[in-house]
Amino acid sequence: MSVSHVSKSFRLPHERYHTLKERALHPFRKDQSDTLHAVQDVSVEIAPGEFFGIVGRNGSGKSTLLKCLAGIYDIDDGELAINGRLSPFIELGVGFNPDLTARDNVIINAIMLGLSRKQARERFDHIIAFAELEEFVDLKLKNYSSGMHVRLAFATAVQVDADILLIDEVLAVGDAAFQQKCFDEFTRLHEAGRTILFVTHDMGAVERFCDRAMLLERGRVVDIGEPATVARQYNQLNFGRAAEEADDGAGRATPSVAQVLNAWFESPQREIIVTATQGEPCHVRMDVRFLAEAEEPIFAIALQNEAGNAVFKTSTESQRISTGRFEAGTTASVRLVFDNWLAPGRYRLSAAVARSGYGADVHDMHTTSSIIVLADRPGGGLADVPHSFELRRD
């Protein structure tokens with residue numbers, strides 16, 4: 001796959017005429033508009049069988065580029081060369097009819113995605129089994145929950161015999177168990193030699209799965225290279241600039257003293273992970289670079305669930321750990337281990353470095369990595385704390 005000097009712009013009108021009456025009342029009003037340069041002069045070569053990550057802040061042009069590759073948008077300039085059949089995982093379920101049953105929708109959608117009628121029927125049982133919707137095959141889609149709808153759409157799309165997969169934040173939807181199933185399926189497809197383009201904000205997933213990655217900012221390429229290097233640049237761009245622009249009135253400092261380079265979950269063997277098993281130790285790592293001298297800086301870690309509730313917080317200050325003195329230009333690797341009794345679900349990691357004695361005076365913060373906790377018998381609370389019952393019959 002080749003992308004050569006591709007550009008895509010959109011015209012954004014300041015004011016629209018919605019009725020003929022409005023146009024008649026203002027016949028001489030000139031149309032005024034701005035131009036949004038969503039993708040600007042992007043060039044990249046992606047090898048067959050490569051798992052390629054595309055990252056960037058909101059509005060950087062990631063999804064627009066993917067839609068150009070999928071043929072949803074026409075490009076303004078440049079050239080696209082694509083060898084093989086594409087399968088876009090951009091807007092799952094487009095073309096589904098809510099008044100038809102899952103059975104009918106799967107057959108119709110599979111044919112629309114490129115399968116023959118015979119292939120669609122042959123793979124129908126596998127699609128339904130993958131989506132875990134055997135009991136709801138003859139239920140109309142309008143009665144499906146959003147999670148059931150996503151599972152059905154993904155299970156259908158992944159059956160297409162595509163050489164190239166375009167994935168836009170698909171793993172951000174569905175429950176934790178299904179998200180892990182998505183990861184497993186993409187790993188299988190990668191091992192089978194499929195080319196995968198993966199748009200995401202999760203740097204942990206980028207570092208775990210991607211062979212290379214590209215960082216976009218305001219439609220332009222910042223860098224293309226090793227996933228760890230690109231992830232570090234994304235964090236510096238995202239959180240460094242966010243801190244410089246912040247003005248929350250709480251005395252938050254700009255990242256002029258220390259900067260969180262990265263933070264992720266890892267295995268005991270220090271490999272980046274995106275899933276963890278309940279009841280086993282969970283490892284977190286954060287890397288910090290000091291831009292100025294710091295005395296007894298505070299290193300803090302927090303986890304939030306999908307509802308935005310803080311379920312776990314700790315810091316070197318709360319644990320009364322002396323961190324010492326750091327000179328400008330030095331780096332620190334901080335590791336945390338805790339017993340993982342969190343309820344099944346997705347948790348987002350926040351890692352921060354702050355001034356000693358002033359917990360609100362944060363030098364820098366990183367909040368992109370996440371992890372999915374899996375369990376056999378969830379208890380239903382925010383955490384499944386180890387416990388025991390005693391029953392006595394009198």
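Cut-offs used in this document
- Residues numbered from 1 in each chain as written.
- Predicted model: local features only at pLDDT ≥ 70, side-chain atom pairs only at ≥ 80, totals over all residues.
- Heavy atoms only, no water.
- Phe/Tyr/Trp six-rings, centres within 6.5 Å; stacked < 30°, edge-to-face > 60°.
- Helix = DSSP H or I, 4+ residues; strand = E, 2+ residues; numbered from the N terminus.
- Buried < 20%, exposed > 50% of the residue type's maximum accessible area, 1.4 Å probe, protein only.
- Lys NZ or Arg CZ within 6 Å of the ring centre and 35° of its normal.
- Core = buried A, V, L, I, M, F, W, Y, C linked by side-chain atoms within 4.5 Å.
- Pairing = 2+ DSSP bridges.
- Axes fitted to C-alpha atoms, helices over the stretch in contact; angles between N-to-C directions.
- Contact = heavy atoms within 4.5 Å.

Turning next to the packing of aromatic side chains. In the structure shown here, the tally under the stated rule is 9 aromatic pairs. Relative to F154, the ring of F130 lies with its centre 5.9 Å away and its plane at 25 degrees, an arrangement referred to as stacked. Of this pair, F130 sits in helix α5 (residues 124-131) while F154 sits in helix α6 (residues 146-157), placing them 24 residues apart in sequence. Just as F130 is buried, F154 falls in that class too. Cluster of aromatic residues (ring-pair linked, three or more members): F51, F198 and F209. Sitting above the plane of the F10 ring, K8 keeps its charged end 5.2 Å from the centroid.

On to the nonpolar core. Membership of the largest hydrophobic core comes to 51 residues, with the highest contact counts inside it found for L152, F154, L165 and F186. Core analysis: the next-biggest nonpolar cluster, separate from the first, contains 28 residues, V260, F265, L303 and Y347 among them.

Moving on, we get to the sheet that holds strand β9 (residues 220-225). Sheet architecture is open: 6 strands sit in the order β5-β6-β7-β3-β8-β9, paired in mixed fashion. Here the strands that pair on one side only, and so sit at the sheet edges, are β5 (86-89) and β9. Looking at each pair of strands side by side, their axes are set apart by 15 degrees on average, direction ignored. Bridge count between β5 and strand β6 (residues 164-168): 4 bridges; the pairing is parallel. In the strand pairing of β6, F89 is matched with I167. Most of the contacts of helix α2 (residues 62-70) go to β6, to which it runs at about 150 degrees, and overall it touches β3 (51-56), β5, β6, β7 (195-199) and β8 (212-217).

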